[in-house]
Amino acid sequence: DLWQKLVRLRPWDLDARFQLGQALWQLGNARQAAQQLAAVTAKKPDYLPARRVLVLIHASRSDTPKLVRELEAIAIRAPDDLEVKGDLATAYGALGKWKQAIAALEQIAQKRPNDLALLVRIGDAHRKTGDLDGAIGWYQRAGKLAPESSLPGFAMAQAYYDAGKLADASRIYTLLQKYVADLPAAEEALGAIAIVQGRADDAAWYLRRAVREMPRSLPTRRAVIAAELMRKAAAAALAQLEPALAAWPEDATLHYFAALAHHLANDDLSAHEELTT
């Protein structure tokens, strides 16, 4: 109330108008807060505190175009603010402007060359543009920076998989088995690739190992059951389905797999019941 009175008495006072806008934002009145703060930046474009609050308002409203415009304005006036560049890259990504996102992220990487997550993030951004070679280059750079981390390797393998280069993906996932903590995830991936390639026995071998370590993973359970069905191994599929359906009784995919397994076991009555479910 006091700030409103002051603004009415001194409408030219941008500091008072900023304080009013900030107070309105803190009260949850985003619309009026944005009006006051926009009036400040219209008269004084370099008033960064007002722009930073506008960033919060636009983000809260999921108004990405306005968020980008405000972040760009701050980035021009505060070129050394890496957090703003990071937020800008995220906003560009939300709009599908991956080339601009990459440019912002690479500017950050010049200042933070040892930021593992950042290097992987840049690789991910290159993947969004379809630039597989660019993505692999950044993932390799991340891998050299932190050879003890499996993150770059998993990102690289997934990139190859998404590009349809299954042999390269399988090669990387095979190497990733050296990370003991991530061994089940690597085995699950190798099993999934074997399914896609039609190698049912290899898929089942990898996925049985993976499901022993990740019994509460629904995707892993589904995958190992699919592999057993590909092998026409009804008993093995049903053995996996029992704990899976106990844990996820409402999962339609599991019931469909159960129907296939019962049919393979010449129990069409049970298969019909599962399909009805």
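Source: prediction; values computed, not measured.

1. Comments concerning the overall build of the chain
In terms of helices and strands, the chain carries 17 helices and 0 strands. Relative to a compact globule of 277 residues, whose C-alpha radius of gyration would be 19 Å, the chain shows 27 Å and is clearly more extended. Taking as baseline every contact in the chain between residues at least 6 positions apart, the subset at least 24 positions apart corresponds to 41%. Where the 35 positive side-chain charges of the chain centre and where its 33 negative ones centre are 10 Å apart.

2. Quick look at helix 7 (residues 98-111)
Relative to the 20 Å expected for 14 residues at 1.5 Å per residue, helix 7 spans 20 Å between its end C-alpha atoms, a close match to the ideal helical length. Within the sequence span of helix 7, burial applies to Ala-101, Ile-102, Ala-104, Leu-105, Ile-108 and Ala-109. Along the axis of helix 7, the buried residues cluster in a sector spanning 165 degrees; they form a single face. Facing away from the buried side of helix 7, by more than 90 degrees, are the exposed residues Lys-99, Gln-110 and Lys-111. In this structure, the buried side of helix 7 is in contact with helix 6 (82-94), helix 8 (116-128) and helix 9 (132-145).

3. A few points about the nonpolar core
A general tendency of soluble globular proteins is for nonpolar side chains to be buried together. The biggest cluster of nonpolar side chains holds 50 residues, and the ones touching the most others in it are Leu-71, Leu-105, Ile-136, Tyr-139, Tyr-160, Tyr-173 and Leu-176. Beyond its immediate stretch of four places on either side in the chain, Leu-176 contacts Ser-150, Gly-153, Phe-154, Ala-157 and Ala-186. Counting 21 residues, the second largest nonpolar core, distinct from the first, contains Leu-207, Leu-229, Leu-241 and Ala-244.

4. Section: the pattern of salt bridges
Any two side chains of opposite charge can pair, on the condition that their charged atoms come close. Throughout the structure, instances matching the rule amount to 15 salt bridges. For Asp-81, the salt bridge identified is with Arg-52, shortest N-O distance 3.1 Å. You can see Asp-81 sitting in the loop between helix 5 (64-77) and helix 6 and its partner Arg-52 sitting in helix 4 (residues 48-60), a full 29 residues away along the chain. For Asp-81, a relative accessible area of 19% gives the class buried. With a closest N to O distance of 2.5 Å, Asp-162 and Arg-127 form a salt bridge.

5. A word on the packing of helix 5 against helix 6
Packing of helix 5 against helix 6 leaves a shortest axis separation of 9 Å and a crossing angle of 150 degrees. As far as their axial angle goes, helix 6 and helix 5 are roughly antiparallel. Read as a crossing pair, helix 5 and helix 6 show a hand that is left-handed. Residues Thr-64, Leu-67, Val-68, Leu-71, Glu-72, Ile-74 and Ala-75 of helix 5 lie in contact with helix 6, whose contacting residues are Val-84, Asp-87, Leu-88, Ala-91, Tyr-92 and Ala-94. For the contact of helix 5 with helix 6, a count of residues per class yields 10 nonpolar, 1 polar and 2 charged.

6. A look at the side chain of His-58
The topology assignment puts His-58 in helix 4. For His-58, the contacting residues outside a window of four places in its chain are Asp-63, Lys-66, Leu-67 and Glu-70.

7. Remarks on the environment of Ala-210
Mapped onto the fold, Ala-210 is located in helix 13 (residues 200-213). Along the chain, Ala-210 and Glu-188 lie 22 residues apart, while their C-alpha atoms are 5.5 Å from each other. When residues no more than four places from it in sequence are discounted, the contact partners of Ala-210 are Pro-184, Glu-187, Glu-188 and Thr-220.

8. Overview of unusual backbone geometry
A positive phi angle, near 65 degrees, is found at Lys-232, a position not held by glycine. Mapping Lys-232 onto the fold places it in the loop between helix 14 (218-230) and helix 15 (234-247). On the basis of relative accessible area, Lys-232 is assigned to the exposed category, the value being 61%. Even without a glycine there, the phi angle at Asn-266 is positive, about 60 degrees. Relative to the elements of secondary structure, Asn-266 occurs in the loop between helix 16 (252-264) and helix 17 (268-276). Taking the relative accessible area as the measure of exposure, Asn-266 reaches 73% and is therefore exposed.

Rules used throughout
- Residues numbered from 1 in each chain as written.
- Predicted model: local features only at pLDDT ≥ 70, side-chain atom pairs only at ≥ 80, totals over all residues.
- Heavy atoms only, no water.
- Helix = DSSP H or I, 4+ residues; strand = E, 2+ residues; numbered from the N terminus.
- Rg over C-alpha atoms; globule rule 2.2 N^0.38 Å.
- Contact = heavy atoms within 4.5 Å.
- Lys, Arg positive; Asp, Glu negative; His and termini not counted.
- Charge placed at Lys NZ, Arg CZ, Asp CG, Glu CD.
- Expected span 1.5 Å × (residues − 1).
- Buried < 20%, exposed > 50% of the residue type's maximum accessible area, 1.4 Å probe, protein only.
- Arc of directions from axis to C-beta.
- Core = buried A, V, L, I, M, F, W, Y, C linked by side-chain atoms within 4.5 Å.
- Salt bridge = Lys/Arg side-chain N within 4 Å of Asp/Glu carboxyl O.
- Axes fitted to C-alpha atoms, helices over the stretch in contact; angles between N-to-C directions.
- Parallel < 35°, antiparallel > 145°, perpendicular 65-115°, else oblique.
- Left-handed = near helix turned anticlockwise from the far one by under 90°.
- Nonpolar A, V, L, I, M, F, W, Y, C, P; charged D, E, K, R; others polar.

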